[in-house]
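Summary of the model geometry
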Amino acid sequence: MNPRVSGITTVLTARPLIELKDVSKVYGQGHAAMKALRGVDLRIDEGEFVAVMGPSGSGKSTCMNILGCLDTPTNGSYLFKGVEAENLSRNQRALLRRHYLGFVFQGYNLLNRTSALENVELPLIYRGMPAGERQARARKSLEAVGLKGWETHTPGELSGGQQQRVAIARAIVTEPAVLLADEPTGNLDSARSREIMELLRALNHKQSISIVMVTHELDMAAYATRIVRFMDGRIETDEQNGEAD
Amino acid sequence: MLWNAFLLALREVRRNVMRSFLTILGIVIGVAAVITMVTLGNGATAKVTEQISSLGTNLLELRPGQGHRGPGGTRSTADMFEIDDVQAIDREISGLAAVAPVAGQSSQVIYGNKNWSTTVTGSSNAYLKVRNWTLDIGREFTEGELRSGKAVCILGNTVRKELFSGQDPLDVTIRLEKLSCKVIGVFKSKGQSSFGMDQDDFVLVPLRMLQRRIAGNTDVSAISISARDGISTQKIEQDIERLMRERRRILPGKDDDFHVRNMEELVSILTGTTKVLTGLLGAVAAVSLLVGGIGIMNIMLVSVTERTREIGIRMAIGAMEREVLMQFLVEAVVLSSFGGLFGIALALAASVWLAAILQVPFIFNPGIVGVAFLFSAAVGVIFGFFPAQKAARLDPIDALRYE
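Residues numbered from 1 in each chain as written. Chains lettered and ligands numbered in written order. Predicted model: local features only at pLDDT ≥ 70, side-chain atom pairs only at ≥ 80, totals over all residues.

This part covers the overall build of chain A. A count of helical and extended segments in chain A gives eight helices and 10 strands. When burial is assessed residue by residue, chain A has 44% of its 245 residues classed as buried. (Helix = DSSP H or I, 4+ residues; strand = E, 2+ residues; numbered from the N terminus. Buried ≥ 20, exposed ≤ 12 C-beta atoms within 10 Å, placed from the backbone.)

Before going further, it helps to spend a moment on the overall build of chain B. Scanning chain B from N- to C-terminus turns up 13 helices and 10 strands. Of all 403 residues assigned to chain B, the portion counted as buried reaches 40%. A fraction of 84% describes how many contacts in chain B between residues 6 or more apart in sequence connect residues 24 or more apart. (Contact = placed C-beta atoms within 7 Å.)

Let's shift gears to the sheet that holds strand β4 (residues 75-80) of chain A. Residue and element names in this part refer to chain A. Spatially, β2-β1-β4-β5 is the arrangement adopted by the four strands of the open sheet, whose pairing is antiparallel. Whereas interior strands pair on both sides, the edge strands pair on one side only; in this sheet they are β2 (34-45) and β5 (83-84). With five bridges connecting them, strand β1 (residues 16-27) and β4 associate as antiparallel partners. Following the sheet pairing, Leu-20 is matched in β4 by Tyr-78. (Pairing = 2+ DSSP bridges.)

Listed as interface residues are 19 residues of chain A and, on the opposing side, 17 residues of chain B. Sorting the residues of the side of chain A that touches chain B by element identifies α3 (90-100) and α4 (116-126) of chain A as the ones contributing at least two each. Of all the elements, α3 of chain A adds the most residues to the side of chain A that touches chain B, at six residues. Of the residues belonging to the side of chain A that touches chain B, the class tally is 10 nonpolar, four polar and five charged. (Nonpolar A, V, L, I, M, F, W, Y, C, P; charged D, E, K, R; others polar.)

Attention now moves to the pairing of strand β9 (residues 226-231) of chain A. Residues and elements named next belong to chain A. Sheet topology places strand β3 (residues 49-53) next to β9; four bridges connect them, and they run parallel. Paired with Ala-51 across the two strands is Ile-227, which belongs to β9. Two strands pair when backbone bridges link them, and β9 and strand β10 (residues 234-240) are joined in this way by six bridges, in the antiparallel orientation. Paired with Arg-229 across the strands is Thr-237, a residue of β10.

We now examine the sheet that holds strand β7 (residues 178-182) of chain A. All names here are of chain A. The strand order across the open sheet formed by six strands is β6-β7-β8-β3-β9-β10, and the pairing between neighbours is mixed. Lying at the two open borders of the sheet, with one neighbouring strand each, are β6 (101-104) and β10. Recorded for the sheet is a direction-independent mean angle of 15° between the axes of neighbouring strands. Helix α6 (residues 160-172) rests against β6 and β7 of the sheet, and its axis sits at about 170° to β6. (Axes fitted to C-alpha atoms, helices over the stretch in contact; angles between N-to-C directions.)

Now for the confidence of the model for chain A. Across chain A, the average pLDDT comes to 89, with 93% of residues at or above 70. Confidence over residues 1-10 of chain A falls short of pLDDT 50; this stretch has 12 contacts with residues more than four positions distant or in other chains. (pLDDT = per-residue confidence, 0-100.)

As a further point, take the nonpolar core. Formed by 124 residues in total, the largest nonpolar core has its most connected members in Val-52 of chain A together with Val-31 and Ile-35 of chain B. Leu-59, Phe-187, Met-209 and Val-260 of chain B belong to the second-largest nonpolar core, a separate cluster that totals 53 residues. (Core = buried A, V, L, I, M, F, W, Y, C linked by C-beta atoms within 7 Å.)

Residues and elements named next belong to chain B. Axis separation between helix α11 (residues 321-358) and helix α12 (residues 366-392) bottoms out at 7 Å; the angle between their running directions is 150°. If you check the angle between α11 and α12, you find them roughly antiparallel. With respect to the hand of their crossing, α11 and α12 are arranged in right-handed fashion. When grouped by side-chain class, the residues that make up the contact of α11 with α12 number 20 nonpolar, nine polar and two charged. (Parallel < 35°, antiparallel > 145°, perpendicular 65-115°, else oblique. Left-handed = near helix turned anticlockwise from the far one by under 90°.)

With that settled, the discussion passes to the packing of α4 of chain A against helix α5 (residues 131-144) of chain A. All names here are of chain A. Between α4 and α5, the least distance of the axes is 9 Å, while the angle of their chain directions is 120°. The angle between α4 and α5 places the two elements in the oblique class. Between α4 and α5 lies a crossing whose hand is right-handed. Of the residues in α5, those touching α4 at Ala-116, Leu-117, Val-120, Glu-121, Leu-124 and Ile-125 are Arg-134, Gln-135, Arg-137, Ala-138, Arg-139, Ser-141 and Leu-142.

Residue and element names in this part refer to chain B. The residue Met-80 is located in the loop between β1 (59-64) and α3 (83-92) in this model. Given 16 C-beta atoms within 10 Å, Met-80 falls into the partly exposed group. Along the primary structure Met-80 and Arg-63 are separated by 17 residues, whereas in three dimensions their C-alpha atoms are 8.1 Å apart. Not counting chain neighbours up to four residues away, the residues in contact with Met-80 comprise Pro-64, Asp-219, Val-220 and Ser-221.

The next subject is α6 of chain A. All names here are of chain A. The end-to-end C-alpha distance of α6, which contains 13 residues, comes to 18 Å, matching closely the 18 Å that a straight helix rising 1.5 Å per residue would cover. When you tally the buried positions in α6, you get 10 out of 13 residues, the bulk of the element. Buried-residue contacts for α6 involve β6, α4, α5, β7 and α7 (190-206). (Expected span 1.5 Å × (residues − 1).)

This part is about unusual backbone geometry. Residue and element names in this part refer to chain A. The phi angle at Asp-22 is positive, at roughly 50°, despite the residue not being glycine. Among the structural elements, Asp-22 can be located in strand β1. Residue Asp-22 is classed as partly exposed on the basis of its 13 C-beta neighbours within 10 Å. Positive phi outside glycine occurs at Asn-109, with the angle close to 50°. Here Asn-109 lies in the loop between β6 and α4. What makes Asn-109 buried here is the crowd of 21 C-beta atoms within 10 Å.

Further remarks concern the pairing of β3 of chain A. Residues and elements named next belong to chain A. Burial within β3 is extensive, with five of its five residues counted as buried. Side-chain alternation along β3 places Phe-49, Ala-51 and Met-53 on one buried face and Val-50 and Val-52 on a second face that is also buried. With four bridges connecting them, β3 and strand β8 (residues 210-214) associate as parallel partners. For Ala-51, the partnering residue across the bridge sits in β8 and is Met-213.

What follows covers the environment of Glu-403 of chain B. Residues and elements named next belong to chain B. Within the fold, Glu-403 resides in the segment after α13 (396-401). Classification of Glu-403 by C-beta neighbours within 10 Å gives exposed; the count is 5. Taking the C-alpha atoms as reference points, Glu-403 and Thr-308, 95 residues apart in sequence, are found 8.6 Å from one another.

This part takes up the confidence of the model for chain B. When pLDDT is low, close inspection of the predicted coordinates is not appropriate. For chain B, per-residue confidence averages 86 on the pLDDT scale, and residues scoring 70 or more make up 95% of the total. In the predicted assembly, ipTM is 0.89 and pTM is 0.68.

We now examine the environment of Glu-61 of chain B. Residue and element names in this part refer to chain B. Within the secondary structure, Glu-61 is located in strand β1. Judged by local crowding, Glu-61 falls into the partly exposed class, with 19 C-beta atoms found within 10 Å. Those residues in contact with Glu-61, other than ones at most four positions away along the chain, are Ala-222, Ser-224 and Arg-261.

Given below as structure tokens:
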């Protein structure tokens, strides 16, 4: 995607990236059934930076799992780039994740005793990219998150903020259609958190990477262009964030 | 993908060198045990076969029977053969390479101030052929010598050593008891037989000479027969039995008063025994391979649990079920193959060393090495599959949450 095409342009030519239509998710059966989502409609366009908020148990994690193709909805439809994704098989979902999605987790989830470079290379390995190209792209990605010179360090030798940067580098190395971040600053102090958020905002602006981020903190949500609030398995509010930019 | 899985597995093995070593120890010992047992067993079989075949492989020996015990415990010895029997066999049975009459008598041989107690065997030139003897020096008997029973002899190597100790024995006259006898040749040494007898301790003379001048009868105590290559000794054995029953006028239903010993049978019985033993030892050793496989499964299961989160990460990133399966399967196979390689190295060292101690030849058998290696890899596949499947079936959400 052209980096110059951002902000206003995307609004004008808005193409839906993700569309949830009346999606519900029920865990368990009968009396023990627990409705995590009760008819969620959500449309996210290319280039958006959406913050998803809500108390624990409000359904935001379930929604993220469905968006990330880690889980399937019980009812309703999920269109990813206009393609129905709710009935994909396990392997098809794996392939969709491989080619279109990037994940950033609260706990970083890097491979231990494995260098930063190798961690970032990992998704490219599954794409079957030759080693030379793989390493070059992984280096570039690490450079983009400001970790040039830290390639050979293992997670144990990096600070929390640095580990999260490695995780972001790993998520963006494949140039995904959307970056799904689950409380990316949950384990970091406020200074480190702001750095990470600046980085995500820069990626959204400069590289037009769409981002959907779950967070508890308003300070962090403020970086997004749109804030969606969940409550009891439904979307409570969905508003553009005027403070951003 | 497979190559990547292989590299990944190597890294995993390197990451836990000690644990990997302990994991494969069972396989190492199993493979080493199988190969060592089979190699030593093959060596023992080869040794037995070699010793027996130095007697002549397609050899049949016809001997008179012990006859039957009479009512009072008296024992009638069956009649000896005559030279006519030898000629009849030679004439009427097809597929023979050579037929040699054998008669023997123990005797003192004397030369100068040395004397030696040995066996004097009377036969013809066919004896050399049948029993695989070759001449070291000198010549065979001539037709004339055989027909007239001339006093000439060919010495076994032991007799030559005892009487001549380095001197040239050709054309020297020695004495058999009171009889002067000219040495015309010496046999090449064959050494000890598998039964521990010195095969070189004899003197060969023309049958006629032994019968007339030493034994004083016309008996032939045994007939040695060798079959032509490719002719079944069993068939010849049957033919000879039929012919001899006829010649000795044994009524149908009565037992033979002679027997035919078939060397091939003896070889197959003896090598059969060692082969069965080899197989048995190999099978016992193979059980330890199985135990080694279970060890691998154990560690792989622990490893899958330990790396649940890693599996979750890989799945989130886009690893398909079969790719996770392949990763753990390849890891198990790499581990067990390493075990196989170490086992082979250990087995070769142990086999060479033990073969020297047990005095059997070391026979490198690439077949069993290959089979043992493939087997160890197969153990990896079989016992690695269950843990790998467990890993592949993990739910990525649960796996990512796993602490």
